[in-house]
Amino acid sequence: MINGERVIKLTQKVIAYNSENPPGNELELAKFIEKDMRSLGLDVKIVTYAKNRPNIIATYRGTLPRAQAAKEALLLTPHFDTVPIGQGWKFKPLGGEIVGGKLYGRGSTDDKGNLASCMEVMRSLVEDKVRLRKDVIMAATVDEETGSHQGILPLLDKKVLKPGFALVMDSNEFDAIIAQKGLMHSRIQIFGKKAHGAYNWLGVNAIEIAARVIGKLKNLKFSYKKHPLLHGPTMNIGVIKGGDKVNMVCDFCEFALDTRYPPGMNPDFILKTIKKIIASETKNFKVVIDDWQLPYEINPNHPGVKLWVDVSKKHGAKATIKGSEGATVITFFKKHGIPAFATGFGAHKTAHTNDEYIYVKSLVKGTKVLEEYIKAYDQL
């Protein structure tokens, strides 16, 4: 049985560990998670892709034949790194203080409340000796805040995790995130020719070329099919740099472009269009792709999604079907053919903010919903 007081105290305990990323300070909390899961007699694996940054994978084994129980496994995956604490907090960022029904601390919403919820569910299943047919896997991962390159991404790519269905435990107020935009992060490099600023006609100014390219990109209108849960495609210029001195013609300028696009759009066509616009201003350029994530969506009528909505409703919580304009790790499951959606019990609009908090009531209720969902999913 879920112990509400215990999950609250566990959340306070994991908040007390500083696991800021950057720099990737997850080791001590990882040791705590490992010890806690091993104390339950679970099958626990430590998988590390960067020094002192271990991912913790705990499995509650089902009663089906071993291969089938693993193939049909339900994965719960929270992350336990946080963004940096920063300055200007009213409450202690690692204090886990409870005031007015809110539990404060860095990571309370993103994502340590959800981590504690998953850990409490695993403990409750063991204590109650629940007999499930399918495996339940909790993969607590590192590096989510800087791209998951040491966490869920290689765990999937190297087939360490091969569940039948996945809940990414990294969302708010029971929402079911079933659609997500694709993401392309690129750096546009423009090459010009140096000259004295007083004789600028002898040079080729890369900054001026970049400015014209940026203007054309911002005026670009893509044709696309409207998605019921997402806005249309967007472009944002996040960084720009170039030039050496005010009286020199700049021979190099680079700007970083964040492109987001809904499911149904062709990413190769988007990139081709971007290159065509740059080429209309200069032939001397390079496009460097730093990150490229495909869009994702799962049918809202998928049994796993519908079940979440139904179980939440039974407990008096409204699980709203939503899309994500930003990037979450659900997109990484797509290329492996693993159906997934994101959910969780954080508080809306508090992640990454000063005085981040989670509602105690949502944390306790959510943990009970999660356990009932696991039991119900096992019968699908």
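Residues numbered from 1 in each chain as written. Predicted model: local features only at pLDDT ≥ 70, side-chain atom pairs only at ≥ 80, totals over all residues. Heavy atoms only, no water.

A. Geometry of the overall build of the protein chain. When you go through the protein chain residue by residue, the secondary structure sums to nine helices and 18 strands. Relative to the globule expectation of 21 Å for 380 residues, the C-alpha radius of gyration of the protein chain, 24 Å, shows essentially globular dimensions. For the C-alpha atoms alone, the extent of the protein chain along its principal axes is close to 80 × 45 × 40 Å. Looking at the 380 residues of the protein chain, the share that counts as buried comes to 53%. Within the protein chain, contacts between residues at least 6 apart in sequence are counted, and of these 81% link residues at least 24 apart. For the protein chain, the computed accessible surface area is about 17,300 Å², with 53% contributed by carbon and sulfur atoms. (Helix = DSSP H or I, 4+ residues; strand = E, 2+ residues; numbered from the N terminus. Rg over C-alpha atoms; globule rule 2.2 N^0.38 Å. Buried < 20%, exposed > 50% of the residue type's maximum accessible area, 1.4 Å probe, protein only. Contact = heavy atoms within 4.5 Å. Areas by Shrake-Rupley, 256 points an atom, 1.4 Å probe, with all protein chains shown as cover.)

B. Spatial organisation of the sheet that holds strand β9 (residues 182-191). Pairing in this open sheet of four strands is antiparallel, and the strands run β11-β13-β9-β14 from one edge to the other. In this open sheet, the two strands that pair with only one neighbour each are β11 (234-242) and β14 (285-293). Sheet twist, expressed as the mean angle between neighbouring strand axes with direction ignored, is 15 degrees. Note: β9 against strand β13 (residues 252-261), ten bridges, orientation antiparallel. From the neighbouring strand, I188 faces β13, where its bridge partner is F255. In the packing of helix α6 (residues 206-218) onto the sheet, the strands contacted are β9, β11 and β13, and the crossing angle to β13 comes to about 15 degrees. Its contacts with the sheet put helix α7 (residues 267-279) on β9, β11, β13 and β14, and the angle it makes with β14 is roughly 155 degrees. (Pairing = 2+ DSSP bridges. Axes fitted to C-alpha atoms, helices over the stretch in contact; angles between N-to-C directions.)

C. A look at the nonpolar core. With 80 residues, the main nonpolar core has I33, M37, L167, W308, F341 and L370 as its most contacted residues. For this core, the element with the most residues is helix α9 (residues 360-377), which contributes eight residues. Residues contacting L370, with those up to four places away along its chain left out, are L76, S117, C118, V121, L167, M169, W308 and F345. Grouped together as the second largest cluster of nonpolar side chains are 23 residues, I209, L271, I274 and I277 included. (Core = buried A, V, L, I, M, F, W, Y, C linked by side-chain atoms within 4.5 Å.)

D. Region of the structure containing the pattern of salt bridges. If you walk through the whole model with that rule in mind, you get 22 salt bridges. Of the charged contacts, one joins E120 and R6 as a salt bridge, the two residues approaching to 2.8 Å between their closest N and O atoms. Taken as a pair, E120 in helix α4 (residues 108-127) and R6 in helix α1 (residues 4-16) lie far apart in primary sequence, 114 residues in all. Notably, a salt bridge pairs D135 with R66, separated by 2.8 Å at the nearest N-O pair. In this pair, D135 sits in the loop between α4 and β6 (136-140) while R66 sits in helix α3 (residues 66-71), placing the two residues 69 residues apart along the sequence. Owing to a relative accessible area of 3%, D135 belongs among the buried residues under this scheme. (Salt bridge = Lys/Arg side-chain N within 4 Å of Asp/Glu carboxyl O.)

E. Geometry of the packing of α4 against α9. Contact pair α4 / α9: the axes reach a minimum separation of 9 Å and the direction vectors enclose 50 degrees. Classified by the interaxial angle, the pair formed by α4 and α9 is oblique. You can see that α4 and α9 cross each other, and the crossing is right-handed. Residues G113, S117, C118, E120, V121, S124 and L125 of α4 lie in contact with α9, whose contacting residues are L363, G366, T367, L370, E371, I374 and K375. Looking at the contact of α4 with α9 residue by residue, the classes come out as six nonpolar, five polar and three charged. (Parallel < 35°, antiparallel > 145°, perpendicular 65-115°, else oblique. Left-handed = near helix turned anticlockwise from the far one by under 90°. Nonpolar A, V, L, I, M, F, W, Y, C, P; charged D, E, K, R; others polar.)

F. Looking closely at unusual backbone geometry. Looking along the chain, the bond that leaves N21 and enters P22 is cis, with omega of 0 degrees. The residue P22 is located in the loop between α1 and α2 (27-38) in this model. A cis amide bond links D110 with the next residue in sequence, D111, at an omega value of 20 degrees. Within the secondary structure, D111 is located in helix α4. Of note, H352 is a non-glycine position whose phi angle comes to about 70 degrees, a positive value. Counting through the fold element by element, H352 comes out in the loop between β17 (340-343) and β18 (357-359).

G. Examining α2 more closely. Helix length check: α2 (twelve residues) gives 16 Å between terminal C-alpha atoms against 16 Å at 1.5 Å per residue, within 8%. Of all the positions in α2, only L29, A30, F32, I33, D36 and M37 are classed as buried. Buried residues of α2, viewed axially, fall in a sector of 160 degrees; they line one side. Check the buried side of α2 and you find it contacts α1, β1 (43-48), β2 (54-60), α4 and β6. (Expected span 1.5 Å × (residues − 1). Arc of directions from axis to C-beta.)

H. Layout of the sheet that holds strand β5 (residues 102-104). The strand order β4-β5-β18 describes an open sheet built from three strands, whose pairing is antiparallel. Unpaired on one side and paired on the other, β4 (98-99) and β18 mark the two borders of the sheet. In this sheet, β5 lies alongside β4 in antiparallel orientation, the contact comprising two bridges. Bridge pairing in β5 places V99 opposite K102. Packed onto the sheet, α1 meets β4 and β5 and runs at close to 20 degrees relative to β5. Running over the sheet, α9 touches β4, β5 and β18 and is turned about 60 degrees from β18.

Everything listed is a geometric property; what it means functionally is a separate question.
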